[in-house]
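Chain and residue survey
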Amino acid sequence: MRPGLVLIGAILAVIGLLVIVIALLSFGGAVSDTTTLSSSPFVVHTQEWIVQPIPGRNGSGGPLQVQVAATQPLNVYLSTCPPPSGARPPASCTVASTGEPQSSANLSTPGPLTFPYYVTLENPSPYLNSTVLFSGKYSYMVGGLPEWESLVLVAGGLILAVGGGLAFFLGIFLRGNPFRPPPGKAPRSPGSGGSTPPEHEPTREPPPRG
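This section reports on the structure supplied with the text. From a predicted model like this one, the values you see are computed outputs, not experimental measurements.

Enumeration according to the criterion identifies 2 aromatic pairs in this entry. Residues Phe115 and Tyr117 carry aromatic rings whose centres are separated by 5.3 Å and whose planes lie at 85° to one another, so their mutual orientation is edge-to-face. Tyr117 shares its class with Phe115; the two are buried.

The structure is reproduced here in structure tokens:
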């Protein structure tokens, strides 16, 4: 038996089982929810700028979609920073725009989303006001984990559990140290019985003759 291997195997098996349980409890728990933003009709006067902030949940997956319907063509900008008073937002924080005046605009930006966003409406006409209906929507995940993440966790937990179980059983059935030398035999004492081989006496040669 190898206690160290048994302990490591047991720890890995327990961690693997815990990961599987957590993944199964969270499996399919993530639900996509959609938030819809809308406003009452409002008027953008001639050569006027209006900014509409869009609040939301940071970290949402997106995309954020903005729809603008107007009675007169407008320039529409979607940005991550508020524009200066009476001007379009800086290009560095503009994520989408119509490019030219339009009566119907659909702007969007992919996730992950970082709120707030700002919709800037410009009426370039020097003669006609524009009545505007603004709306937007975005999606985000609620609770649990997406199914693919749960499956990855289950697979990882199975690998840990199987590897830990294998190490546990190997640690039980393997010898403690297969390379340990066998114990030596104890020397036999004279009184322990048995005959003691006679000592070898040195051979004496006759002295040389003179």
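On the secondary structure map, Leu133 appears in strand β8 (residues 130-142). Classification of Leu133 as partly exposed rests on a relative accessible area of 45%. Here the alpha-carbon distance between Leu133 and Ala70, two residues 63 residues apart in the chain, equals 6.4 Å. Ignoring anything within four residues of it in the chain, the contact list for Leu133 reads Ser39, Ser40, Pro41, Gln67, Val68 and Ala69.

Further remarks concern a nonpolar patch on the surface. A cluster of nonpolar residues, Leu7, Ile8, Ile11, Leu12, Ile15 and Leu160, forms a patch on the protein surface that exposes about 490 Å² of accessible area. With 5 residues, helix α1 (residues 3-26) is the single largest residue contributor to the nonpolar patch. Turning to its location among the elements, Ile11 is positioned in helix α1. Judged by relative accessible area, Ile11 falls into the partly exposed class, the value being 44%.

Cut-offs and rules
- Residues numbered from 1 in each chain as written.
- Predicted model: local features only at pLDDT ≥ 70, side-chain atom pairs only at ≥ 80, totals over all residues.
- Heavy atoms only, no water.
- Phe/Tyr/Trp six-rings, centres within 6.5 Å; stacked < 30°, edge-to-face > 60°.
- Buried < 20%, exposed > 50% of the residue type's maximum accessible area, 1.4 Å probe, protein only.
- Helix = DSSP H or I, 4+ residues; strand = E, 2+ residues; numbered from the N terminus.
- Contact = heavy atoms within 4.5 Å.
- Patch = residues over 30% accessible without salt bridge, like charges linked within 9 Å, V, L, I, M, F, W, Y side chains within 5 Å.
- Areas by Shrake-Rupley, 256 points an atom, 1.4 Å probe, with all protein chains shown as cover.
- Salt bridge = Lys/Arg side-chain N within 4 Å of Asp/Glu carboxyl O.

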